[in-house]
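# Results of the structural survey
So the chains spell out like this:
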Amino acid sequence: MTRIRPALAFAPCLLLAACASAPRADRAAAQAPAPIGSLQARGEAAQARVAGTVTAALAGADGQPGWLLQDAGDGDAATSDAIWVLGPAAAGLAPGQNVQVTGRVHRAALPAAGKGGRAASLLAIDAERVEPLRARARLRPVAPVAVTAAPDWNALAGMRVRIDAPLVLADRDRERGIVEVAFGGPLWQPGERAAPGSEAARAVAADNQRRRLALSGDALGEDAYRARSGSAVSAVDGIALPRGDGPGLRLERAPVLQPAPRPQQPPRVDGAVRIAAFNLENLFNGDGRGGGFPTPRGARTEAEFHAQLAKLVETIHAMNPDVAALMELENDGYGPDSTLAQLVAALDRADAAAGGAQDWRYAAPCKQPCALEVRGPGDNAIRVGLIYRGQRVAARGLAATLEQGPFGPHSRVPLAQAFQALAAGGRRGPAFVVAANHFKSKGCRDAEGADRDQGDGAACWNALRSDSARRLDAWLKTDPTRSGGALTMIVGDLNAYAQEQPLRELYAAGWQDAFAAAKVASPYSYVYDGELGRLDHALLSPALAATLRGAAEWHVNADEPDSAGYRNGGTGPWRSSDHDPVLLGFDLLPR
């Protein structure tokens, strides 16, 4: 009996102790900080407590104090380990502090990313209480996450990141305060690589989005905005912050830039006859006598016009073509005060300075002096033109134009001229035709019906550009210049990438892509939204394709920043336009 009584007396004591300790354990568990990653998975909570290290300041969209807090992680790589601490209670925080924060968890809108930028959101906690962690609860230091390939940025939102992968500069946008870079090489326009709307085109677009990253922040530095597309970018680290249009990284220090080299000399192409095509980016000369500025599209002052003209002349003169098809010339006729006539005169002056022939001419659809001294053909503000070297090629007859359907109101009026290469002794080569073109742009103003953006990546006016291609093909096959031969080329800015419908219409009609025929790898003449592609094309009849000896682009423009242009005091051929010029070589001399 004496052994039983102590046992009976002790048992209630054990039960009481257990009952007393259970509430204390529950309270301690309830007050323990939750891993931030677990809150990311839940999205919102009425109340939570988190602990971590303050990494960077990030004010709220309404200007309230805000800081990013990151913990050591919950072992789940699919969720971010950072949260945005907002509210007056966060005002006294500083980077490196280890704190515990209690408050309501929700998603909060980030400040809009630059002018016109869409807002993104981040998991946030409205801080009701912020307490320093006691020494015994000290956290491990928060190290940047090392990234070696394009990651899932949602899993890194708000975290410190270090990129240990090669990046290339894709684009600069000073107005929005960003420089875009890409993992794994340059980005390509989906329509350059595949038919719009196809699975292949959607895959290119998705891959672009996966590889694209916008860098921002004061640490970015002005050098990044002045660098050429294709420049190498390294030593990139900062805070991963989503943007409305994709992932972003706010830099904590300036990255290392290795500028892409500028091509100092134009490309060489084989062949005795060289043909160039070049969009001049709105060459307007005012009234041609020093007045009429600012112009509707181009130079704002006479000084800007002369700076623009000098850059364009240097570009054309360096390429030394026998014939050049030009786009975006002011549509002001063919008289001595016209932009076309003054460009030809400036090229002759450059020839004179270099001891050259001074034999530049321009083609026209009327006999000189041309009656079209004020405007035409067409009533568009800009037009196409054809210039040539009179001692190397001879114009055969007058130029022909096509003014019907979309040509004039929308697509610019095509201009076709027959030429013959000149050789010693007055001999002439076979007649060949150069047709200069500039199709309707992709802008959506006034687009209706099938010309509206169909959501396939081809943008607006695709139906009209396709109609332009069909009509151009039919017109050229009537031999409008009366050349009597089969040597014809379509050159110019077709405002469509290589696999879009207007080009496919021309391929189906038998026209051959000069760059494919010359086996040029990955050609491009334009960079839009950081993506490379061709708006500027050279398409050849089968007979002319047989005489092709080379095709190249001179990448002096598309990769250059706006700061290299004439409006910003830039000199030399670089950024003389926003399009790269095309240069072709042919064997067209008499045999």
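Predicted, not measured: the structure shown is a model, and the values here were computed from it.

Conventions adopted
- Residues numbered from 1 in each chain as written.
- Predicted model: local features only at pLDDT ≥ 70, side-chain atom pairs only at ≥ 80, totals over all residues.
- Heavy atoms only, no water.
- Axes fitted to C-alpha atoms, helices over the stretch in contact; angles between N-to-C directions.
- Helix = DSSP H or I, 4+ residues; strand = E, 2+ residues; numbered from the N terminus.
- Parallel < 35°, antiparallel > 145°, perpendicular 65-115°, else oblique.
- Left-handed = near helix turned anticlockwise from the far one by under 90°.
- Contact = heavy atoms within 4.5 Å.
- Nonpolar A, V, L, I, M, F, W, Y, C, P; charged D, E, K, R; others polar.
- Phe/Tyr/Trp six-rings, centres within 6.5 Å; stacked < 30°, edge-to-face > 60°.
- Lys NZ or Arg CZ within 6 Å of the ring centre and 35° of its normal.
- Buried < 20%, exposed > 50% of the residue type's maximum accessible area, 1.4 Å probe, protein only.
- Pairing = 2+ DSSP bridges.
- Disulfide = S-S within 2.5 Å.
- Expected span 1.5 Å × (residues − 1).
- Lys, Arg positive; Asp, Glu negative; His and termini not counted.
- Salt bridge = Lys/Arg side-chain N within 4 Å of Asp/Glu carboxyl O.
- Polar contact = N/O pair within 3.5 Å; in protein donor to acceptor, adjacent residues only side chain to side chain.
- Arc of directions from axis to C-beta.

Further remarks concern the packing of helix α6 (residues 302-319) against helix α7 (residues 339-353). Relative orientation of the contacting elements α6 and α7 amounts to 60°, with a least axis distance of 10 Å. Here α6 lies oblique to α7, going by the angle between them. Here the hand of the crossing between α6 and α7 comes out right-handed. Touching F305, L309, V313, I316 and H317 of α6 are Q342, L343, A346, L347, A350 and D351, all from α7. Residues belonging to the contact of α6 with α7 are distributed by class as follows: 8 nonpolar, 2 polar and 1 charged.

The description of two aromatic rings rests on the distance between their centres and on the angle between their planes. This structure, assessed with the given rule, holds 6 aromatic pairs. Directly above the ring of W188 sits R193, whose terminal nitrogen or CZ lies 4.0 Å from the centroid.

Before going further, it helps to spend a moment on the pairing of strand β7 (residues 160-163). Each regular strand shows side chains that alternate between the opposite faces of the sheet. The side-chain alternation of β7 yields one buried face, formed by V161 and I163, and one unburied face, formed by R160 and R162. Direction of pairing for strand β6 (residues 145-147) relative to β7: parallel, over a ladder of 3 bridges. Counted as the bridge partner of V145 is V161 from β7. Where β7 lies against strand β13 (residues 236-240), 4 bridges are found, and the strand directions are antiparallel. Across the sheet, R160 pairs through a bridge with I239, a residue of β13.

Turning next to the state of the cysteines. Scanning all chains against the criterion turns up 1 disulfide. Covalent S-S linkage joins C444 and C460, the inter-sulfur distance amounting to 2.0 Å. The sign of the S-S torsion, about 90°, decides the handedness of the disulfide formed by C444 and C460: right-handed. Placement of the pair is C444 in the loop between β22 (432-438) and α8 (462-476) and C460 in the loop between β22 and α8, with a sequence separation of 16 residues. The class of C460 is buried, set by a relative accessible area of 2%.

On the secondary structure map, A214 appears in strand β11 (residues 212-216). On the basis of relative accessible area, A214 is assigned to the buried category, the value being 5%. Separated by 27 residues in the primary sequence, A214 and L241 place their C-alpha atoms 9.6 Å from one another. Excluding anything up to four places from it in sequence, A214 contacts I178, V179, E180, R243, P247, G248 and L249.

Checked against the element boundaries, G585 lands in strand β29 (residues 582-586). On the accessibility criterion, G585 (0% relative accessible area) is buried. Placed 143 residues apart in sequence, G585 and K442 show a C-alpha to C-alpha distance of 30 Å. Leaving out residues up to four positions away in the same chain, G585 has contacts with V269, D270, G271, V273, T547, L548, R549 and G550.

Right, let's talk about the packing of α8 against helix α9 (residues 501-508) for a bit. The geometry of α8 relative to α9 is characterised by a closest axis approach of 8 Å and an angle of 20° between their N-to-C directions. The orientation of α8 with respect to α9, classified from their angle, is roughly parallel. Viewed along their axes, α8 and α9 form a crossing whose handedness is right-handed. Of the residues in α9, those in contact with N462, R465, S466, A469, R470 and D473 of α8 are Q501, P502, E505 and L506. Of the residues that constitute the contact of α8 with α9, the class distribution is 3 nonpolar, 3 polar and 4 charged.

A separate point is α7. Between its first and last C-alpha atoms α7 spans 21 Å; for 15 residues at 1.5 Å apiece the expected length is 21 Å, and the two agree. Inspection of α7 places T339, L340, A341, Q342, L343, V344, A346, L347, D348 and D351 among the buried residues, and these make up the whole buried set. Here the buried face of α7 lies against β16 (273-283), α6, β17 (323-330), β18 (360-362) and β19 (382-389). Positive phi shows up at G355, right after α7, with a value of about 75°.

Taken in spatial order, the 5 strands line up as β1-β2-β3-β5-β4 and close into a barrel, and their pairing is mixed. Strand-to-strand twist across the sheet, computed as the mean angle between neighbouring axes with direction ignored, equals 55°.

The strands that make up a sheet pair up through hydrogen bonds in the backbone, lying either parallel or antiparallel. Pairing is mixed across the open sheet formed by 6 strands, whose spatial order is β18-β19-β17-β16-β29-β28. Of all strands in the sheet, those with a lone pairing partner are β18 and β28 (548-553), marking the two edges. Taking the axes of each pair of neighbouring strands and ignoring which way they run, one obtains an average angle of 20° across the sheet. Here β16 pairs with β17 via 6 bridges, running parallel. Considered in β17, the bridge of F278 is made with L326. Sitting on the sheet, α6 is in contact with β16, β17, β18 and β29, with an inclination near 165° to β16. Packed on one face of the sheet, α7 meets β16, β17, β18 and β19 and runs near 170° to β18.

By the secondary structure assignment, R412 is in the loop between β20 (393-401) and β21 (415-421). For the buried R412, which has no salt bridge, the nearest side chain bearing the opposite charge is E328, at an N-O separation of 6.0 Å. One polar contact links the side chain of R412 to the main-chain carbonyl oxygen of F439, over a distance of 3.0 Å. With residues up to four places along the chain from it excluded, the contact list for R412 reads N380, I382, R383, F407, H438, F439, K440, S441 and N495.

Glancing now at α9. Think of an α-helix as 3.6 residues a turn; residues three or four steps apart then line up on the same face. Listed as buried for α9 are P502, L503 and L506. For α9, the arc enclosing every buried residue in end-on projection is 95°, short of the 170-degree limit, so these residues lie on one face. Against the buried residues of α9 lie α8, β23 (488-493) and β27 (536-540).

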